[in-house]
Each structure stands twice: as structure tokens, then as C-alpha cells.
Amino acid sequence: MKKKMISLLLVLALVVGICPAAFAGETVSPEVEDFSFIDAEGKVNTIYMSSEQPGTSHVDYYIEGVLVSQVDVALLGGVDRSTGTLDDTTMVAITHTDVKSGVTTHSTELVSRYIVSEEVEVPTLMAATPRVLVYQGKINYKTCYDIDGSVYNDSLYIYQEEGKTTYEYKTINAEAGWTAAVVIGVISAALTLICPALTIVTEDLLYAAAYAAGTTIVGGVIQGAITKTYYVQTTPITTKARDIKTSRENTYTGERYQVALEGGGFSSEYCYEGYAEWNSNDIAYLMFSDFWSYSYPGVKSYTK
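Before going into details, it helps to say that this report is about the structure given with it. Worth saying up front: this structure is predicted, and the values here are computed from it rather than measured. (Residues numbered from 1 in each chain as written. Predicted model: local features only at pLDDT ≥ 70, side-chain atom pairs only at ≥ 80, totals over all residues. Heavy atoms only, no water.)

As for the overall build of the chain
For the chain, the count of helices and strands is four helices and 21 strands. For the chain, the residues scored as buried account for 46% of the 304 residues in total. Considering only contacts within the chain whose residues lie at least 6 apart along the sequence, 64% involve residues at least 24 apart. In the structure as shown, the chain presents an accessible area of about 15000 Å², 50% of it carried by carbon and sulfur atoms. (Helix = DSSP H or I, 4+ residues; strand = E, 2+ residues; numbered from the N terminus. Buried < 20%, exposed > 50% of the residue type's maximum accessible area, 1.4 Å probe, protein only. Contact = heavy atoms within 4.5 Å. Areas by Shrake-Rupley, 256 points an atom, 1.4 Å probe, with all protein chains shown as cover.)

What to know about the environment of Val99
Among the structural elements, Val99 can be located in the loop between β8 (91-98) and β9 (103-110). In the structure, Val99 is positioned 33 residues away from Val66 in sequence and 9.5 Å away in space, judged by C-alpha atoms. Once residues within four sequence positions are removed from consideration, Val99 is found in contact with Leu67, Val68, Ser69 and Gln70.

Comments concerning the nonpolar core
Counting 41 residues, the largest nonpolar core has Tyr61, Ile94, Val186, Ile222 and Tyr230 as its most contacted members. Those elements giving two or more residues to this core turn out to be β3 (44-50), β4 (56-63), β5 (66-75), β8, β15 (166-174), α2 (180-191), β18 (226-243) and β19 (248-261). At 10 residues, the largest contribution of residues to this core is made by α2. Ile139, Cys144, Ala241 and Ile283 belong to the second largest nonpolar core, which has 16 residues in total. (Core = buried A, V, L, I, M, F, W, Y, C linked by side-chain atoms within 4.5 Å.)

Considering helix α4 (residues 281-291)
Along α4, the positions that sit buried rather than exposed are Ile283, Ala284, Met287, Phe288 and Phe291. Projected onto a plane normal to the axis of α4, the buried residues spread over an arc of 135 degrees and lie on a single side. Buried residues along α4 sit in contact with β11 (134-141), β14 (155-162), β18, β19, β20 (271-274) and β21 (299-303). (Arc of directions from axis to C-beta.)

What about α2?
With 12 residues, α2 should reach 16 Å at 1.5 Å per residue; the first-to-last C-alpha distance of 16 Å fits that figure. In terms of residue burial, α2 counts as a mostly covered element, since 12 of its 12 residues are buried. (Expected span 1.5 Å × (residues − 1).)

Brief notes about the environment of Glu41
You can see Glu41 is positioned in the loop between β2 (33-38) and β3. Linking Glu41 and Thr216, residues 175 residues apart in sequence, is a C-alpha distance of 9.6 Å. Leave out the neighbours within four places in its chain, and Glu41 touches Val218 and Gly219.

Some points on the pairing of β5
In regular strands, side chains alternate between the two faces of the sheet. Pairing between β4 and β5: eight bridges, direction antiparallel. Counted as the bridge partner of Ile63 is Val66 from β5. What sits between the antiparallel neighbours β4 and β5 is a turn of two residues, in which Glu64 has the positive phi angle 55 degrees. Sheet topology places β5 next to β8; seven bridges connect them, and they run antiparallel. Each bridged residue has a counterpart across the sheet, and for Leu75 the counterpart in β8 is Val92. (Pairing = 2+ DSSP bridges.)

Re the packing of aromatic side chains
With the rule as written, the count across this model stands at 17 aromatic pairs. When the centroid spacing of 6.1 Å and the interplanar angle of 75 degrees are considered together, the rings of Tyr141 and Tyr296 count as edge-to-face. Of this pair, Tyr141 sits in strand β11 while Tyr296 sits in the loop between α4 and β21, and the two are 155 residues apart along the sequence. If you follow Arg256 out to its NZ or CZ, it ends over the ring of Tyr270, 4.4 Å from the centre. (Phe/Tyr/Trp six-rings, centres within 6.5 Å; stacked < 30°, edge-to-face > 60°. Lys NZ or Arg CZ within 6 Å of the ring centre and 35° of its normal.)

Describing the side chain of Gln258
In this fold, Gln258 is placed in strand β19. Take Gln258: its relative accessible area is 15%, and that puts it in the buried class. A distance of 2.7 Å separates a polar side-chain atom of Gln258 from the backbone oxygen of Ser268. (Polar contact = N/O pair within 3.5 Å; in protein donor to acceptor, adjacent residues only side chain to side chain.)

Shown next, in the form of C-alpha cells:
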């Protein structure tokens, strides 16, 4: 469990980074993410979040180890899961259980009550930069010994080309008196449509947003209004893998993401989806399987 001593609002922004895979009709294994912070009363608040599929989220909210709220959220309409976007007509179904009172409420609302798309003019370069495949490095696989005594020392040379970067701006809205677990659940469900990798940037993003908003949470309830705009920067990347021994080549696609607060104050490290992060063991395995049929020996090293 990751614990951070942060002011409440931090947690709301945290929501901005939760996003399981976003492919049309795809169901993903729910991975539980947990975040902890110290609220304005000095109590430890812990949020467990998961998503069965894009456009949904489940939140368990604990204070000092005691479960106080459970929330289930599902986006209903106005959602294009093929592009990871939602519009002003998108409705969200919310089921909230106050564990202490045992009362469960059901509601259907516009998602724009919680998160709003922003139309922002993004400056373009005067002249387009030519895009070419650029050598990135090499995947060196471990030596493989075949059953007939053959020895293989394989490697793949990697080249990449970046496409046009796009920006998606969103503003998080919350009001004093709102239940934090509900706000977190709605924003999380919306963000599952974008990408699966941004979760790791959440803490830093929320810390920056909390510092800017200057609000708190007490007893799982938001104490002040929140309005904070962030953007997701997406760059498509084409990756080519080449076996120089046989001149065979395969081409793959992927995306690189970065999250930042509008106006500065925070910018995350890059997160990747698809085949963009070529120097990872998962991608190295998939590429090996496309080129060779014998048993995967593992990666020896990644080199330039």
C-alpha cells in the first residue's frame, strides 16, 4: 500500500490518473489500485479502486481502516469507446452505499457535472517536421539451445517514428459537501476510456492539483470547491523491428502519453501503451514470438 501525507484534494486529482485499458468492447482483469493520505483531521483515508471494463469503476473508501463508502459507476451513453472520448450527452449511473447508515442510493446524472471537456486552441508549428524512422536500439535475446544441438543468438534492431501529438483538456469539478468517493468514481470511470498506463502519474498530479486548489476532505466529504484543468498529451508511435540476419521486418503501433496541469506546476513522466515502449520485457517477448517459433529464451540486454 502506498501512503502519502497529503491534503485531501490531492486524492481527487488522483482520480485523474486511473485508467484501465480502453479498447472497444474489451473486458480487462480488474486491477485494484490503492491510495492513502492524511486528511484535515489527521486520519488515514485509503481508497481502493478497480475497473471491470472501460467506462466503469468501483471504489471502496476507508477511514482509519474502517470501510465508510462503496461506489459503483458506469457510463451509459454518449461514449465512443473506440476513441476513448465522451461528450456532453454522456450519462453516468452511480450506486453509493453509506456503510455506517446502511443506506444505498441510485442516481443517473450527466458526467459533465463532474468532468468537463475544454476546447483549447493548441498552437501548431509553422512548418511540419518530416517524420522518419529513427534507430532506437537493439533487443539482445539470451542464447537459445535447440533440442538438436543448434545454438541461436538472436537480436532485433528497433526503429521508431512519431506521429502528430494531440491534446485532450479536461476540467475536474467538485463542490463543498460532495462525497469524495463518488467524485473519484465518476472521474475514474471516464478516464478508463483514455489509457491503462496513467495510474502511475496520479499521485504527483494530485499533489500539484491539491496545492493549487487548497481544499481538504473531512470524513470523506469535500470541504471546498474544486476546479482544475489538466491535459493528456498523446503521441502515436510506429515501431519497426528488424532481424538483420534474415532482413525480416515487422511493424507495430502504440502511443506515448504525458499528463500535465494547464498553466504549469506539474508534468508527468511518459507512459506507454501498445508497442511504443519497445525496451520492456513484455514487448520483447511479443516481438520474439512474431519472428521465431522456438522457446523464448528471455532478454539478455537492451543496447544502443
